[in-house]
Amino acid sequence: MRLNNKIAMVVGAGQTPGPTIGNGRATALLFAREGAQVLAVDRDIDSAQETVELIQREGGQGEAVAADVVDEASLEAAVNHCKEHLGRLDILHNNVGISVTGGDAPVTEISTEAFDRIIAVNLRGVVLACKHALPVMRAQGSGVIITISSIAAIENYPWVTYKASKAALVTLTQQLAIQNAEYGIRANVILPGLMDTPMAVDNRAQAWGQTREEVVAARNARVPLGNKMGDAWDVAHAALFLASDEARFITGVSLPVDGGMSCRIG
Ligand SMILES: NC(=O)c1ccc[n+]([C@@H]2O[C@H](COP(=O)([O-])OP(=O)(O)OC[C@H]3O[C@@H](n4cnc5c(N)ncnc54)[C@H](O)[C@@H]3O)[C@@H](O)[C@H]2O)c1
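Residues numbered from 1 in each chain as written. Predicted model: local features only at pLDDT ≥ 70, side-chain atom pairs only at ≥ 80, totals over all residues.

K.L.:
Hey, could you run me through the overall build of the chain in this one?
P.N.:
For the chain, the count of helices and strands is eight helices and seven strands. For the chain, the C-alpha atoms occupy an extent of roughly 45 × 40 × 35 Å along the three principal directions. In the chain, 74% of the contacts between residues at least 6 apart in sequence involve partners at least 24 apart. (Helix = DSSP H or I, 4+ residues; strand = E, 2+ residues; numbered from the N terminus. Contact = placed C-beta atoms within 7 Å.)

Structure representation (structure tokens):
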């Protein structure tokens, strides 16, 4: 019970439908298994509700709230829900991120609309969640922010908006860490590599006209550790560590969860 009595707001706690579990859902489930009370926030309220049902079926505590990270008022309302109904906000987990489905493309082909849309979701959404969560955490004198970036932030990755937004989350996290250390607030960022989630695998299979097995085989072949992708539980366990008091002296770090992929860069 490493998160006993903690209140955790997981933004993007639903998931893209598919045969495997998503990062946000696995993290919400693991936080609840470790004793946290989870506010599952998602623009898809049915999907967030499914996550809550999974939590409750295991005997955990959770509730779902609808919010779209491009809509500041809805994010503010979700934070207020934590404060007013759950009493505090200990952990903010920023999981929302889109790429292919937002119309991302290489720099020579990107449209202004797609660029603005993806930046608003992947980057501005995190900034706005922090904007509203930080005053609550500062008043408490404690808090943890975990943001999901991607190994795309540092590797050769051709889709320009995903690359730029995920890279920005790394430096944003460093600034959040240094600016809020005096309030006892930690901020860290996770860089998942290739994970077997529906968002990454099934969306690509659909976009590229390939089978799931073909996409899985191609992704597995790129992973140094065992030639096999990670899964959402690998991300969730990293998030659990960063959220827990075991990481009490760790802030401002970027943690790759990538089976060694980033070692190719150095
Ligand atoms: N799977 C991988 O290989 C991989 C690799 C690197 C990074 N990531 C990152 O992991 C995160 C997502 O993982 P996942 O498996 O949970 O994805 P997912 O698509 O299964 O879940 C994301 C959730 O976010 C919600 N969402 C989307 N747009 C939203 C918005 N505007 N407002 C509120 N909610 C919104 C969706 O409804 C969905 O429930 C992303 O940040 C992604 O960039 C994944």
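K.L.:
Please explain the packing of helix H4 (residues 112-140) against helix H5 (residues 160-180) as it appears in this structure.
P.N.:
Working note: a packed helix pair is described by the angle between its axes plus the distance between those axes. Orientation of H4 relative to H5, taken along the N-to-C sense of each, is 15°, at an axis distance of 9 Å. Taken together, the axes of H4 and H5 lie roughly parallel to each other. For the crossing formed where H4 meets H5, the hand is right-handed. Of H5, the residues touching H4 (which contributes Ala114, Phe115, Ile118, Ile119, Asn122, Leu123, Val126, Val127, Cys130 and Leu134) are Thr161, Tyr162, Ser165, Lys166, Ala168, Leu169, Leu172, Leu176 and Asn180. Taken together, the residues of the contact of H4 with H5 sort by class into 14 nonpolar, four polar and one charged. (Axes fitted to C-alpha atoms, helices over the stretch in contact; angles between N-to-C directions. Parallel < 35°, antiparallel > 145°, perpendicular 65-115°, else oblique. Left-handed = near helix turned anticlockwise from the far one by under 90°. Nonpolar A, V, L, I, M, F, W, Y, C, P; charged D, E, K, R; others polar.)

K.L.:
How do you make sense of the packing of helix H3 (residues 72-86) against H4 when you look at a structure like this?
P.N.:
Between H3 and H4, the least distance of the axes is 9 Å, while the angle of their chain directions is 25°. Considered as vectors, H3 and H4 are oriented roughly parallel to each other. The two elements H3 and H4 cross, and the hand of that crossing is right-handed. Residues Glu72, Leu75, Glu76, Val79 and Lys83 of H3 lie in contact with H4, whose contacting residues are Leu128, Ala129, His132, Ala133 and Val136.

K.L.:
In this structure, what is going on with the sheet that holds strand E2 (residues 37-42)? I would like to understand it.
P.N.:
Strands in a sheet are paired, the pairing made by backbone hydrogen bonds, and the direction either parallel or antiparallel. Across the sheet, which stays open at both edges, the seven strands sit in the order E3-E2-E1-E4-E5-E6-E7 with parallel pairing between neighbours. Single-partner strands in this sheet number two, and they are strand E3 (61-66) and strand E7 (254-257). Each adjacent strand pair in this sheet contributes to an overall mean axis angle of 20°, direction not counted. In this structure, strand E4 (residues 91-94) lies alongside strand E5 (residues 143-148), joined through four bridges in parallel fashion. When the sheet's bridge partners are listed, Leu92 is paired in E5 with Ile145. (Pairing = 2+ DSSP bridges.)

K.L.:
Is there a simple way to explain helix H2 (residues 45-57) in this structure?
P.N.:
Side chains of residues three or four places apart in an α-helix project in the same direction, reflecting 3.6 residues per turn. In this model H2 runs 18 Å from its N-terminal to its C-terminal C-alpha over 13 residues, within 8% of the 18 Å that 1.5 Å per residue would give. Buried within H2 we find Ser47, Ala48, Thr51, Val52 and Ile55. Within H2, the buried residues cover an arc of 145° as seen down the axis, which keeps them to one side. Along H2, the residues that are exposed and aim more than 90 degrees away from the buried face are Asp46 and Arg57. Packed against the buried residues of H2 are helix H1 (23-33), E2 and E3. Downstream of H2 by a residue or two, Gly59 has a phi angle that is positive, lying close to 90°. (Expected span 1.5 Å × (residues − 1). Buried ≥ 20, exposed ≤ 12 C-beta atoms within 10 Å, placed from the backbone. Arc of directions from axis to C-beta.)

K.L.:
Help me out: how do you make sense of the environment of Thr251 in this one?
P.N.:
Position of Thr251 relative to the elements: it lies in the loop between helix H8 (232-243) and E7. Along the backbone, Thr251 and Ala181 are 70 residues apart, and their C-alpha atoms lie at a distance of 8.1 Å. Among residues more than four places away in sequence, those in contact with Thr251 are Ala177, Ala181, Arg186, Ala187 and Asn188.

K.L.:
Whenever I open this one, the nonpolar core confuses me. Can you help?
P.N.:
Grouped together as the largest cluster of nonpolar side chains are 80 residues, with contacts concentrated most on Met9, Val10, Phe31, Val38, Ala40 and Val41. Excluding residues within four positions of it along the chain, Val38 makes contact with Ala8, Val10, Ala28, Phe31, Ala32, Ile55, Gln61 and Gly62. (Core = buried A, V, L, I, M, F, W, Y, C linked by C-beta atoms within 7 Å.)

K.L.:
Please explain unusual backbone geometry as it appears in this structure.
P.N.:
In terms of backbone geometry, most residues other than glycine have negative phi values and most peptide bonds are trans. Of note, the phi angle at Asn5 is positive, near 65°, even though the residue is not glycine. Residue placement: Asn5 occurs in the segment before strand E1 (7-11). Its identity as a non-glycine residue notwithstanding, Asn227 has a phi of 45°, on the positive side. Locating Asn227 in the fold gives a position in the loop between helix H7 (212-220) and H8. Of the residues examined, Asn227 has 12 C-beta atoms within 10 Å and is grouped as exposed.

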